[in-house]
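Observations on the three-dimensional arrangement
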Amino acid sequence: KFGVSVVEARVDDDSRMFCVTPETLQPGYVSVAVSLNEVDFTSPAMGREYSIPFLFYNQPTVSSMAPNTGPSRGGTSVFVIGEGFLQLPSAPACRFIGVSDPSIQMDVPGKFLNDTLIECVAPAVADLCTPAHYCAAVVDTDPNW
């Protein structure tokens, strides 16, 4: 159960079970408790290992980013603008997708500046393009390389 909401779970093996979180209107942490008989649940009173916190949060939104261009050598600070960033429990990241091959992706660490602003530094285009001759053409034509 999540807080007071009991949900169905599926036991996968001796060390794993799966369940779907219930809908909630209130963001925040709740304790996750487990029962094999729907009567006796684990609880925080049994110790930390018997109750795990789970964070419900409002979905953050992204409204824009700036700038949307930079030199091919990378190093441009890219600012992601939106709402609801600081409630997230882990550090942000920005995903840059390949120039000529969208299967090439690079996640770079970001930094929360405030609840509406995240900063990431763009990688070099050479890290995001293939084949090598395409990268060479970009480098040859970009005066900032």
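In short, a report on the structure. (Residues numbered from 1 in each chain as written. Predicted model: local features only at pLDDT ≥ 70, side-chain atom pairs only at ≥ 80, totals over all residues. Heavy atoms only, no water.)

Let's shift gears to the nonpolar core. Counting residues in hydrophobic clusters, the biggest one holds ten residues: Val78, Val80, Phe85, Cys94, Phe96, Val108, Ile118, Cys120, Ala122 and Leu128. If you list the elements that add at least two residues to this core, you get strand 6 (77–83), strand 7 (93–97) and strand 9 (117–121). Sequence-distant contacts of Ala122, that is, excluding residues within four places in its chain, are made with Gly74, Gly75, Thr76, Val78 and Phe96. (Core = buried A, V, L, I, M, F, W, Y, C linked by side-chain atoms within 4.5 Å. Buried < 20%, exposed > 50% of the residue type's maximum accessible area, 1.4 Å probe, protein only. Helix = DSSP H or I, 4+ residues; strand = E, 2+ residues; numbered from the N terminus. Contact = heavy atoms within 4.5 Å.)

Another point: unusual backbone geometry. A cis amide bond links Ala66 to the next residue, Pro67, at an omega of -10°. Summarising the element assignment, Pro67 is placed in the loop between strand 5 (61–66) and strand 6.

Right, let's get into the side chain of Ser35. Its location among the elements puts Ser35 in the loop between strand 3 (28–32) and strand 4 (52–56). Among the residues examined, Ser35 registers a relative accessible area of 17% and is labelled buried. Here the side chain of Ser35 touches Asn37 through a polar contact of 3.0 Å, side chain to side chain. A distance of 3.0 Å separates a polar side-chain atom of Ser35 from the backbone oxygen of Asp40. (Polar contact = N/O pair within 3.5 Å; in protein donor to acceptor, adjacent residues only side chain to side chain.)

Bringing the packing of aromatic side chains into the picture now. By the definition in use, this model includes three aromatic pairs. Measuring from ring centre to ring centre gives 6.3 Å for Phe2 and Phe56, while their planes differ by 65°; the resulting arrangement is edge-to-face. Placement of the pair is Phe2 in the segment before strand 1 (9–13) and Phe56 in strand 4, with a sequence separation of 54 residues. Aromatic pair Phe54 and Phe56: ring centres 5.1 Å apart, planes at 70°, arrangement edge-to-face. By relative accessible area, Phe54 is classed as partly exposed at 29%. Judged by relative accessible area, Phe56 falls into the buried class, the value being 11%. One aromatic cluster is present, formed by Phe2, Phe54 and Phe56 through successive ring pairs. Lying across the ring of Phe41, Lys1 places its NZ or CZ 4.7 Å from the centre. (Phe/Tyr/Trp six-rings, centres within 6.5 Å; stacked < 30°, edge-to-face > 60°. Lys NZ or Arg CZ within 6 Å of the ring centre and 35° of its normal.)

Moving on, we get to the environment of Asn58. Assignment of secondary structure puts Asn58 in the loop between strand 4 and strand 5. Classification of Asn58 by relative accessible area gives partly exposed; the value is 44%. Remark: the alpha-carbon pair of Asn58 and Pro27, spanning 31 residues in sequence, is separated by 6.2 Å. Sequence-distant contacts of Asn58, defined by excluding residues within four places in its chain, comprise Pro27 and Gln87.

Here Asp127 shows up in the loop between strand 9 and helix 1 (132–141). By relative accessible area, Asp127 is classed as partly exposed at 43%.

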